[in-house]
Amino acid sequence: MSVSGAWRRAAGGAGLLGSDGSVRPTIFAEMSALASRTGAINLGQGFPDEDGPAEVLEAAVAAIRSGANQYPPGPGIPALRQAVAEHQHRFYGLEPDPDREVLITAGATEAIAATLLALLEPGDEVVTFEPFYDEYGAMIALAGGRHVTVPLEPPTFLPDPDRLRAAVTDRTRVILVNTPHNPTGTVFDRELLTTIVELAERHDAVIVTDEVYEHLTFGPEHIPVATLPGAQGRTVTISSGGKTFNTTGWKVGWLTAPPELVTAVLAVKQFLTYVNGAPFQPAIATGLALPDSFFSGIAAELARKRDILSAGLREAGFGVLPTDGTYFVVADAAPLGHSDAVGFCRALPELAGVVGVPLAAFCRPEYAARTASLGRFAFCKREAVLTEAAARLSALRA
Ligand code: PMP
Ligand code: GLN
């Protein structure tokens, strides 16, 4: 039987379909499997190796014990929608209406998927930066859209504003932004975000902004796109509890947007998961209400970890690129004599007992050559693990 359909579009669109027609696992799953097979330290897939705040974990346990175990309401429990709205107000001065402008989703992943499925007609263009988080390519393809990219050039990983202007046209339905940016760690500045908003206004595009690393910046301030003049009426802001509260497995995400956009996304979302995470929703609400010191504390702790890993990579002979946010640092293996990061990352467990992800996994083949020798390493791990990884990597010099 010949099977075709959306799965083939998604896999092909993201370049994930193997030559035998099978779906290859995502790069993150592949690299985590490689780490567990070889016993290497997993700095590939971005997930913390420590639990987050006890209050948040206890709130989930208490919710399970008190019977929050059936379907929550479709848009999310009121307490979490309220907590998201209060969080947007406390940190950014925004005032989304928790009843009409907030939607709880199965992670940021579902928020991105449902938004693109809701907004795209076949052939509509979506502009993203490149490298891009792998889901974007797959979901644009699944929704029948056309993916147009604007390169982020190393070492600054900022786009050329003229190329950005040329990429956005009246065919553009969505400009998909990600700041702080995975995999490069770039935090988009006000000038760049302002250009994006102006282009969206000029061409009547919707801005979809993935801000899952909003609290993980080390110096430059995170500027939510929705806070810029002109943005709010056309912006879907997406985030998630996974990164902020070390609960990547809970898959509680959310989006805030004008009511008509929330309605469009909810129409799709109710047939994807309908709902998820009944006991985790109140727990994430508890997390969002933690004091400011919690949020500044996680950023400071992660900045230390970034410094440990960056120093280790540098000492091992890598070229290390600056990272201002996220869980990730980009390192160049070329100074060590490795020009192909794909092969290098596959060999790294054997060479040094560490796993990283080649930047090519976030690029289309046309662009991959520009990131050929670059790899992404996650520093959301215990300091002892990072120190051990640095020691192992120093073997590369020898
Ligand atoms: N967007 C980006 C940029 C990410 O790095 C991730 C995942 N780690 C996600 C979205 C998905 O978030 P979630 O786990 O909440 O679905
Ligand atoms: N966002 C995580 C990363 O970039 C991985 C999430 C996933 O495995 N899909 O490493």
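What comes next is a walk through the structure. Because the structure is predicted, anything quoted here is derived from the model rather than measured.

## Remarks on the nonpolar core
In this structure, Leu80, Val174, Leu255, Leu313, Phe318, Phe377 and Leu393 are the most contacted members of the largest nonpolar core, which totals 78 residues. Ignoring anything within four residues of it in the chain, the contact list for Leu313 reads Phe318, Val320, Val329, Ala331, Phe377 and Leu393. Grouped together as the second largest cluster of nonpolar side chains are 28 residues, Ala167, Leu192, Val197 and Leu359 included.

## So, the side chain of Glu125
Within the element layout of this structure, Glu125 appears in strand E3 (residues 125-130). The exposure class of Glu125 is buried, given its relative accessible area of 3%. In contact with Glu125, other than residues within four places in its own chain, are Arg146, Val148, Thr169, Arg171, Thr172, Arg173 and Val174.

## Considering the site of ligand 1
If you check the shell around ligand 1, you find 13 residues, and the closest are Thr109, Asp210, Tyr213, Lys243 and Lys251. Within the side chain of Asp210, one N or O atom sits 2.5 Å away from a nitrogen atom of ligand 1. One of the side-chain nitrogen or oxygen atoms of Tyr213 is found 2.7 Å away from an oxygen atom of ligand 1. Compared with its free state, where it exposes 400 Å², ligand 1 has 93% of that area covered by protein. Per-element tally for the shell around ligand 1: the top contributor is helix H5 (residues 107-119), with four residues. Among the residues forming the shell around ligand 1, the class breakdown is five nonpolar, five polar and three charged.

## Describing the sheet that holds E3
Ordered by their spatial adjacency, seven strands build an open sheet running E2-E8-E7-E6-E5-E3-E4, and the pairing between neighbours is mixed. Either end of the sheet is taken by a strand with one partner, and the two such strands are strand E2 (102-106) and strand E4 (146-151). On average, each strand axis in the sheet is inclined to that of its neighbour by 25°, with strand direction left out of account. With six bridges connecting them, E3 and E4 associate as parallel partners. From the neighbouring strand, Glu130 faces E4, where its bridge partner is Pro151. Across the sheet, helix H8 (residues 190-203) is in contact with E3, strand E5 (172-178) and strand E6 (206-210); its angle to E5 comes to roughly 165°.

## Digging into the site of ligand 2
Inspection of the region around ligand 2 gives Phe28, Gln45, Gly46, Tyr133, Asn182, Lys243, Phe328 and Arg376 as its neighbouring residues. Within the side chain of Tyr133, one N or O atom sits 3.4 Å away from a nitrogen atom of ligand 2. Here an oxygen atom of ligand 2 and a side-chain polar atom of Arg376 are 2.7 Å apart. Protein chains shield 79% of the accessible area of ligand 2, which is 300 Å² for the free molecule. Grouping the constituent residues of the shell around ligand 2 by class yields three nonpolar, three polar and two charged.

Criteria and cut-off values
Residues numbered from 1 in each chain as written. Chains lettered and ligands numbered in written order. Predicted model: local features only at pLDDT ≥ 70, side-chain atom pairs only at ≥ 80, totals over all residues. Heavy atoms only, no water. Core = buried A, V, L, I, M, F, W, Y, C linked by side-chain atoms within 4.5 Å. Buried < 20%, exposed > 50% of the residue type's maximum accessible area, 1.4 Å probe, protein only. Contact = heavy atoms within 4.5 Å. Helix = DSSP H or I, 4+ residues; strand = E, 2+ residues; numbered from the N terminus. Near = heavy atom within 4 Å. Polar contact = N/O pair within 3.5 Å; in protein donor to acceptor, adjacent residues only side chain to side chain. Areas by Shrake-Rupley, 256 points an atom, 1.4 Å probe, with all protein chains shown as cover. Nonpolar A, V, L, I, M, F, W, Y, C, P; charged D, E, K, R; others polar. Pairing = 2+ DSSP bridges. Axes fitted to C-alpha atoms, helices over the stretch in contact; angles between N-to-C directions.

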